[in-house]
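# Results of the structural survey
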Amino acid sequence: MTKERTELSTPALSGLLDFWLSKCSGGNPPASSTITPAELRPWKDNIVIFEVIGEDNYVYSYYGKALEKAWGHSRLGHTLDTLPDDQRRTLHEEYETVLRERLPVSRVYTGSFDGVARTWERLVVPLSSDAGIVDKLLVAAYEMPTSFPVRPFTLDSKPAGATA
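Throughout what follows, the structure given in this document is the object of discussion. None of these values were measured; they are calculated from a predicted model.

### A short note on the sheet that holds strand β3 (residues 105-113)
Hydrogen bonds between backbone atoms are what pair the strands of a sheet, whose relative direction is either parallel or antiparallel. Spatially, five strands are ordered β2-β1-β5-β4-β3 in an open sheet, and the strand pairing comes out antiparallel. The open sheet terminates on both sides in strands that have one partner only, identified here as β2 (57-63) and β3. The average undirected angle you get between the axes of adjacent strands in this sheet is 30 degrees. Sheet topology places strand β1 (residues 47-53) next to strand β5 (residues 134-144); five bridges connect them, and they run antiparallel. Bridge pairing links F50 to L137 in β5. Packing of helix α3 (residues 85-101) onto the sheet brings it into contact with β1, β2, β3, β4 (116-128) and β5, and relative to β4 it is tilted by some 30 degrees.

Structure follows, in structure tokens:
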């Protein structure tokens, strides 16, 4: 995998992506067993971790405190099935892309939260079991100031051996 890429708008997400890239081995996403909780400390309040269940379901296995505060609740232990239809479809599509391509996905979105428009940038990175199967997704989200410039994110190449 090449480390050349366009920067994300949120510095914390750029740092997380650099960390993820440093953990990739042999063109594969990092094994979750190679990442310690201490290494995730800089992002811990702004991440959720999903366990991939079956072919198309995801269970929240970690829920960061900043996200819990922002949304007013934790979804720890829940699946995407409890989300509104539009949101669930968007996330399923995004997560299926990450699973299929074994590459990070990022996007900026604006939504109404308790009647207030807020803009967030999020990054989804795949994590694998020791056998190389992607079985976890790490998702980080940071609220963006309204004056923050948004730049597109792309990753220049796939890990060796990855298929579209």
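There's plenty left to go through after this.
### A short note on helix α1 (residues 11-23)
Here α1 spans 19 Å end to end across 13 residues, near enough to the 18 Å set by a 1.5 Å rise per residue. The complete set of buried residues in α1 reads L13, S14, L16, L17, F19, W20 and L21. Contacts made by the buried residues of α1 are with β4 and β5.

### Brief notes about the pairing of β1
In terms of burial, β1 is a largely internal element, five of the seven residues being buried. As judged from the six bridges shared by β1 and β2, these two strands associate in the antiparallel manner. Among the inter-strand pairings, I49 is bridged to a residue of β2, identified as Y62. Between the antiparallel neighbours β1 and β2 lie three residues, among them G54 with a positive phi of about 65 degrees.

### Focus on a negative patch on the surface
A cluster of acidic residues, E55, D56, D81, E93 and E96, forms a negative patch at the surface. Considering the arrangement of structural elements, one finds D56 in the loop between β1 and β2.

### As for empty space enclosed by the protein
Summed over all chains, the structure comprises one cavity of 30 Å³ or more. As a volume, the largest cavity reaches approximately 40 Å³. Every residue along the wall of the largest cavity is listed here: L16, F19, W20, I35, L40, V125, L127 and L138. Contributing elements (two or more residues each) for the lining of the largest cavity: α1 and β4. Looking at which element gives the most residues to the lining of the largest cavity, the answer is α1, with three residues. For the lining of the largest cavity, a count of residues per class yields eight nonpolar, no polar and no charged.

### Re the layout of surface pockets
There is about 500 Å³ of room inside the largest pocket. W71, Q87, Y109, F113 and R122 are the residues nearest the centre of the largest pocket, which is lined by 21 residues in total. Counting residues per element, the ones that place at least two in the lining of the largest pocket are β1, β2, α2 (65-71), α3, β3 and β5. With four residues, the top contributor of residues to the lining of the largest pocket is α3.

### Considering the nonpolar core
Among the nonpolar cores identified, the biggest contains 22 residues, and F50, Y58, L80, Y95 and L137 are the most heavily contacted of them. Elements with a contribution of two residues or more to this core: β1, β2, α2, α3, β3, β4 and β5. Contact partners of F50, with chain neighbours within four places excluded, come to Y58, V59, Y60, S61, L80, Y95, D135, K136, L137 and V139. Residues L21, I35, I47 and I49 belong to the second largest nonpolar core, which totals 19 residues.

### Remarks on unusual backbone geometry
A positive phi is found at R102, a non-glycine position, where the angle reads about 60 degrees. Take R102: it is sitting in the loop between α3 and β3. Residue class for R102 comes out buried when judged on its relative accessible area of 18%.

Criteria and thresholds
Residues numbered from 1 in each chain as written. Predicted model: local features only at pLDDT ≥ 70, side-chain atom pairs only at ≥ 80, totals over all residues. Heavy atoms only, no water. Pairing = 2+ DSSP bridges. Helix = DSSP H or I, 4+ residues; strand = E, 2+ residues; numbered from the N terminus. Axes fitted to C-alpha atoms, helices over the stretch in contact; angles between N-to-C directions. Contact = heavy atoms within 4.5 Å. Expected span 1.5 Å × (residues − 1). Buried < 20%, exposed > 50% of the residue type's maximum accessible area, 1.4 Å probe, protein only. Patch = residues over 30% accessible without salt bridge, like charges linked within 9 Å, V, L, I, M, F, W, Y side chains within 5 Å. Areas by Shrake-Rupley, 256 points an atom, 1.4 Å probe, with all protein chains shown as cover. Salt bridge = Lys/Arg side-chain N within 4 Å of Asp/Glu carboxyl O. Lys, Arg positive; Asp, Glu negative; His and termini not counted. Charge placed at Lys NZ, Arg CZ, Asp CG, Glu CD. 1 Å grid on protein atoms, 1.4 Å probe; cavity = no way out; pocket = protein on both sides within 12 Å on 5 of 7 lines; lining within 4 Å. Points joined across faces, edges and corners; volume = space filled by probe spheres on them. Nonpolar A, V, L, I, M, F, W, Y, C, P; charged D, E, K, R; others polar. Core = buried A, V, L, I, M, F, W, Y, C linked by side-chain atoms within 4.5 Å.

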